[in-house]
Amino acid sequence: MARAPQISPSILSADFARLADEAARVEGAADWLHVDVMDNHFVPNLTLGLPVVESLLKSTTIPVDCHLMIEDPDRWAPQYAEAGAGSVTFHVEAATAPIKLAREIRAQNARAGMALRPATPVEPYADLLPELDMLLVMTVEPGFGGQGFLDVVLPKIRRAKALIGDLDVWLQVDGGVSESTIERCAEAGADVFVAGNAVYGAADPAAAVERLRTKAAQARA
Ligand code: DX5
Ligand code: ZN
């Protein structure tokens, strides 16, 4: 049976000077708050790090979904879990020991996620899936919000869903997810939908979350 869709608004598209207020705008609607950590090395953009995540954790009741677009996640990712993030996702392209890392994240009582850039195949990582709580298939090149959705990734989402099979591993998509693309993702098998511009670019972000959820649920029905 298909899982209920979950929506994770990305604060990358929010006002960074008012993060607590921006989180409050989706409270009661969002399942997660997606926080994009970028180090200007793994991706050509710089956002925020552990001190800001620690402050945000104190300012919201929404579980925090950290997406680490950083080099050496083996060193840094467990600290986000220890700080209280509900989910911590590292990029497999940057990780040295992804199995050890996923176990360390889980040992801090966070969900362990592993992300794939658009051109990274999923098949070589099939055996790692039982070590994970979530697989993130990027639907844009990581680094910036507001990019166009890459339809070319849809077959990989389908293959990832098939590899997950009956395992209790969520399948997340991130990048260009909007009211016009979320149905394609849901039909391909995604369960967790990150949306930046589609939520924070809307006049009413909470209403935008609900519209996205409805479209995803309809597509999965
Ligand atoms: C991009 C980030 C995304 C970004 C998505 O590298 O990982 O989370 O915020 O933004 P939209 O939904 O606007 O493409
Ligand atoms: Zn992200």
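See the structure above.
In short, a report on the structure. (Residues numbered from 1 in each chain as written. Chains lettered and ligands numbered in written order. Predicted model: local features only at pLDDT ≥ 70, side-chain atom pairs only at ≥ 80, totals over all residues. Heavy atoms only, no water.)

## Some words on the site of ligand 1
Consideration 1: Every one of the 21 residues lining ligand 1 counts as a neighbour, but Ser10, Gly143, Asp174, Gly176 and Gly196 are closest to it.
Consideration 2: At 2.8 Å, a side-chain N or O of aspartate 36 approaches an oxygen atom of ligand 1.
Consideration 3: A distance of 2.9 Å is found between an oxygen atom of ligand 1 and a backbone nitrogen or oxygen belonging to glycine 146.
Consideration 4: In the complex, 99% of the free accessible area of ligand 1, which totals 380 Å², lies under the protein chains.
Consideration 5: Going through the elements one at a time, strand 2 (33-38), strand 3 (64-69) and strand 8 (192-195) are the ones with two or more residues in the shell around ligand 1.
Consideration 6: Counting residues per element, the shell around ligand 1 draws most heavily on strand 2, which supplies three residues.
Consideration 7: Taken together, the residues of the shell around ligand 1 break down into eight nonpolar, 11 polar and two charged. (Near = heavy atom within 4 Å. Polar contact = N/O pair within 3.5 Å; in protein donor to acceptor, adjacent residues only side chain to side chain. Areas by Shrake-Rupley, 256 points an atom, 1.4 Å probe, with all protein chains shown as cover. Helix = DSSP H or I, 4+ residues; strand = E, 2+ residues; numbered from the N terminus. Nonpolar A, V, L, I, M, F, W, Y, C, P; charged D, E, K, R; others polar.)

## Things to note about helix 4 (residues 98-107)
Consideration 1: All of the buried residues in helix 4 are Pro98, Leu101, Ala102 and Ile105. Seen from one end, helix 4 has its buried residues packed into an arc of 100°, which puts them on one side. The exposed set on the far side of helix 4, more than 90 degrees from its buried face, consists of Lys100 and Ala107.
Consideration 2: The inward-facing, buried residues of helix 4 abut helix 3 (73-83), strand 4 (87-91) and strand 5 (111-116). (Buried < 20%, exposed > 50% of the residue type's maximum accessible area, 1.4 Å probe, protein only. Arc of directions from axis to C-beta. Contact = heavy atoms within 4.5 Å.)

## A short note on the coordination of the zinc ion (ligand 2)
Consideration 1: All of the protein donors around the zinc ion (ligand 2) are His34 (NE2), Asp36 (OD), His67 (ND1) and Asp174 (OD); their distances to the metal are 2.0 to 2.3 Å.
Consideration 2: Every donor counted, the six donor atoms about the zinc ion (ligand 2) form angles of 72 to 172° at the centre, which fits octahedral coordination.
Consideration 3: Between consecutive donors of the zinc ion (ligand 2), the numbers of intervening residues give the motif H-x1-D-x30-H-x106-D. One end of the pair, aspartate 36, is in strand 2; the other, histidine 67, is in strand 3, with 31 residues separating them in the sequence. Take aspartate 36 and histidine 67: they sit in the same class, and that class is buried. (Donors = N, O, S within 2.8 Å, 3.2 Å for Na, K, Ca; no water. Tetrahedral: all angles 85-135°; square planar, octahedral: opposite > 155°, others 65-115°.)

## Focus on the pattern of salt bridges
Consideration 1: This model, assessed by the stated rule, comprises 17 salt bridges.
Consideration 2: Salt-bridge contacts for aspartate 133 lead to arginine 106; the nearest nitrogen and oxygen are separated by 3.0 Å. Of this pair, aspartate 133 sits in the loop between strand 5 and strand 6 (134-138) while arginine 106 sits in helix 4, and the two are 27 residues apart along the sequence.
Consideration 3: According to the relative accessible area criterion, aspartate 133 is buried, its value standing at 13%.
Consideration 4: Given a relative accessible area of 30%, arginine 106 falls into the partly exposed group.
Consideration 5: Across the pair glutamate 123 and arginine 159 runs a salt bridge whose closest N-O atoms are separated by 2.7 Å. You can see glutamate 123 sitting in the loop between strand 5 and strand 6 and its partner arginine 159 sitting in helix 5 (residues 154-164), a full 36 residues away along the chain.
Consideration 6: We classify glutamate 123 as partly exposed; its relative accessible area is 37%.
Consideration 7: The network of salt bridges with shared partners includes Arg3, Lys161, Asp168, Asp191 and Arg220. (Salt bridge = Lys/Arg side-chain N within 4 Å of Asp/Glu carboxyl O.)

## Some details on the sheet that holds strand 6
Consideration 1: If you walk across this open sheet you meet the eight strands as 1-8-7-6-5-4-3-2, and the pairing is parallel. Of all the strands in the sheet, the pair left with one neighbour each is strand 1 (6-9) and strand 2. Adjacent strand axes in the sheet meet at a mean angle of 25° when their direction is disregarded.
Consideration 2: In terms of strand pairing, strand 1 meets strand 8 through four bridges, oriented parallel. Paired with serine 8 across the strands is valine 194, a residue of strand 8.
Consideration 3: Set on the sheet, helix 3 makes contact with strand 2, strand 3 and strand 4; between it and strand 4 the angle comes to about 170°. (Pairing = 2+ DSSP bridges. Axes fitted to C-alpha atoms, helices over the stretch in contact; angles between N-to-C directions.)

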